[in-house]
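As a plain string of letters, each chain reads:
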Amino acid sequence: MSLLFEPYTLQGMTLKNRIVMAPMCMYSCEDRDGRVTNWHRTHYTARAVGQVGLIIVEASAVTPQGRISEQDLGIWSDEHVDGLREITNMMHAYGAKAAIQIAHAGRKSTVEGPIIAPSAIAFDDSYRLPEAMTTEQIQETLFAFREGARRAKEAGFDCIEIHGAHGYLINEFLSPLTNKREDEYGGDRDNRYRFLEETILAVKEVWAGPLMVRISANEYHADGNTLDDFIYYSQRMKEQGVDLVDCSSGGVVPASIQPYPGYQVPLAEAIRRGADVPTGAVGLITSGVQAEEILRKEQADLVLLAREFLRDPYWPRTAAKELGVEIEAPKQYSRGW
Ligand SMILES: Cc1cc2nc3c(=O)[nH]c(=O)nc-3n(C[C@H](O)[C@H](O)[C@H](O)COP(=O)(O)O)c2cc1C
C-alpha cells in the first residue's frame, strides 16, 4: 500500500492523502484590493477536483503594506472574507481540505508607501530602505496576524499556515542577518524568536485548529541561523502547539544556490528528527515515487508540491498511476479518469 495515498490526521483535520499543494502567489487580484477573483476560484477548485489532500492558499497579507505585490491576496479586511469563503466552499465540495498562508512581506514588500522590518536594512539595491519597527508597530502587526487568523476561521479554512520563511517579516526577525535590534526582539535566538512566538500566541487567541509554520531552514549564509537554530525554533514552536513545520529555505539574502530534486528534503528530515515534530517537505518534488520515498524513509509527514501543480492540476492521479494505486475519480469523470 502506498503511504502517499494513506489518510493523514493533523490535530483533528483528516486529509484523504498526504499530498499538499504548496502556497503560490497567483498575482491575480485585479484592483489592488486583495480580493478573490475568478482566477483564484478556478485555480484552487481545479486542484481540489484533482484530488489534492490539502490546498494551501497563497500568501495572503495581514496588512496592505504586508503584501509582496499589489496583486497579492489580502486577509487584512473583513471585506475579504466572503471571497475566501467561496473558495473554501468549492475546495470542500470536491473533497480537499483548505489552508491559508497568512503573511507579511516586511522589507520585501514592493507596494507603495512605507515598508517595515525589524531593522533598517534594505534587501538589496533594487529594494527600498525599510523603517525599523517601533514597539507600537510590532504590536499592531501582531494584532493584524490575529485578525487575519480570525478571518481565516470565518472564511471556513480548516488549517492556517503562518509564513515564517523566504526573508519576509517573521524570517527577518528570526535571522541575525536582518535583525540588529537591541530591544527584547533582537540579540540572542530567544529574543529573535520572540516575534514569531508572539505571532503564534496572537493567532492562537482566535484559532484552535491545526497550525503550521513555514520556515526557511537554511539561509545560505555563514552568518545566518544554523540548522541547529532551526531545530531549536521548531522545538519552541512545538511547545507552543504548532502542529507541523513546513521546511523551505532561502530568501533572506539574494539566491546563491541552484536547486536540485528534493534539495530541501534533508531540512525536513533533520527538523523532524531533531525537534520531534511533524514536518512537510517541499522543493522540486515531482514524481510519485520520489514523494512515496520521502514518506517511507520518514523524512517528512506531508509532501508539498508547488510548480508541478501548475503543470498538472491532477498530479495526484498521475502519481497514483505511477505507483499503481487506484484512486477514486470525481463522479463527473468516472468514464474517463
Ligand atoms: C509562482 C510561485 C509563487 C509562490 N508563492 C509562494 C507563497 O505565496 N508562499 C510561499 O511560502 N511560497 C511560495 N512559493 C514557493 C513554493 O511554495 C515552493 O516552496 C517552491 O516553488 C518550491 O517548490 P516546487 O519546486 O514544487 O515549485 C511560490 C513559488 C512559485 C513558483
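Basis of the calculations
Residues numbered from 1 in each chain as written. Predicted model: local features only at pLDDT ≥ 70, side-chain atom pairs only at ≥ 80, totals over all residues. Heavy atoms only, no water. Helix = DSSP H or I, 4+ residues; strand = E, 2+ residues; numbered from the N terminus. Rg over C-alpha atoms; globule rule 2.2 N^0.38 Å. Areas by Shrake-Rupley, 256 points an atom, 1.4 Å probe, with all protein chains shown as cover. Lys, Arg positive; Asp, Glu negative; His and termini not counted. Charge placed at Lys NZ, Arg CZ, Asp CG, Glu CD. UniProt positions renumbered as here; feature names shortened; annotations may be inferred. 1 Å grid on protein atoms, 1.4 Å probe; cavity = no way out; pocket = protein on both sides within 12 Å on 5 of 7 lines; lining within 4 Å. Buried < 20%, exposed > 50% of the residue type's maximum accessible area, 1.4 Å probe, protein only. Contact = heavy atoms within 4.5 Å. Polar contact = N/O pair within 3.5 Å; in protein donor to acceptor, adjacent residues only side chain to side chain. Points joined across faces, edges and corners; volume = space filled by probe spheres on them. Nonpolar A, V, L, I, M, F, W, Y, C, P; charged D, E, K, R; others polar. Near = heavy atom within 4 Å. Sits in = over half its atoms within 2 Å of the grid points. Salt bridge = Lys/Arg side-chain N within 4 Å of Asp/Glu carboxyl O.

In terms of regular secondary structure, the protein chain is built from 10 helices and 13 strands. A globule of 337 residues ought to have a C-alpha radius of gyration of about 20 Å, and the protein chain, at 19 Å, matches this closely. Here the C-alpha coordinates of the protein chain stretch approximately 60 × 40 × 35 Å along the principal axes. Carbon and sulfur atoms form 48% of the exposed surface of the protein chain, whose accessible area is close to 13500 Å². When the 35 basic and 48 acidic side-chain charges of the protein chain are each reduced to a single mean position, those positions are 5 Å apart.

What follows concerns the UniProt feature "binding site: FMN" (unreviewed entry) in the protein chain. UniProt's entry tags A59, Q101, R214, A306 and R307 with the feature "binding site: FMN" (unreviewed entry), counted in the numbering of this structure. Lining the largest pocket, from the residues named above, are A59, Q101, R214, A306 and R307. One can find Q101 in strand 6 (residues 97–103). Of the residues examined, Q101 reaches a relative accessible area of 2% and is grouped as buried. Excluding residues within four positions of it along the chain, Q101 makes contact with P23, I56, V57, E58, A59, S60, E161, H163 and R214. At 3.5 Å, the side chain of Q101 and the backbone nitrogen of A59 are in polar contact. Looking at the element boundaries, R307 is found in helix 9 (residues 307–311). Discounting residues that sit within four places of it in the chain, R307 has contacts with M24 and L284.

The method is simple in principle: a probe with the dimensions of a water molecule rolls over the atoms, and the space it marks as empty is what remains. The calculated volume of the largest pocket comes to roughly 940 Å³. H166, R214, S248, S249 and Y263 are the residues nearest the centre of the largest pocket, which is lined by 38 residues in total. At the level of secondary structure, the elements contributing two or more residues to the lining of the largest pocket comprise strand 13 (302–305) and helix 9. When its residues are assigned to classes, the lining of the largest pocket shows 22 nonpolar, 11 polar and 5 charged.

The next point concerns unusual backbone geometry. Phi is positive for Q11, close to 40°, though the residue is something other than glycine. Here Q11 is to be found in the loop between strand 1 (8–10) and strand 2 (13–15). We classify Q11 as partly exposed; its relative accessible area is 40%. The phi dihedral of Y27 falls on the positive side, at around 45°, and the residue is not glycine. Within the fold, Y27 resides in the loop between strand 3 (19–21) and helix 1 (38–49). Residue classification places Y27 among the partly exposed residues on the basis of a relative accessible area of 48%.

Under the present numbering, the feature "domain: NADH:flavin oxidoreductase/NADH oxidase N-terminal" (unreviewed entry) in UniProt falls on residues 4–323. For residues 4–323, helix accounts for 36% and strand for 17%, while the C-alpha atoms at its two ends are 9 Å apart.

What follows deals with the site of the ligand. Around the ligand lies a shell of 15 residues, among which P23, C25, Q101, L284 and R307 are the nearest. Separating an oxygen atom of the ligand from a backbone N or O atom of A59 is a distance of 3.2 Å. Take L284: an N or O atom from its main chain is 2.7 Å from an oxygen atom of the ligand. Isolated, the ligand exposes 600 Å² of accessible area, and the fraction of that covered by the protein chains is 83%. The pocket occupied by the ligand, as judged from atoms lying within 2 Å of grid points, is the largest pocket. Residues belonging to the shell around the ligand are distributed by class as follows: 9 nonpolar, 4 polar and 2 charged.

On inspection of all chains with the given rule, the structure shows 24 salt bridges. A salt bridge links E79 to R35; the shortest N-O distance between them is 3.0 Å. Of this pair, E79 sits in the loop between strand 5 (73–74) and helix 2 (81–93) while R35 sits in the loop between strand 3 and helix 1, and the two are 44 residues apart along the sequence. Under the relative-accessibility criterion, R35 is labelled partly exposed at 37%. Among the charged side chains, a salt-bridge network with shared partners connects D78, R146, E147, R150, R151, E154 and E205.

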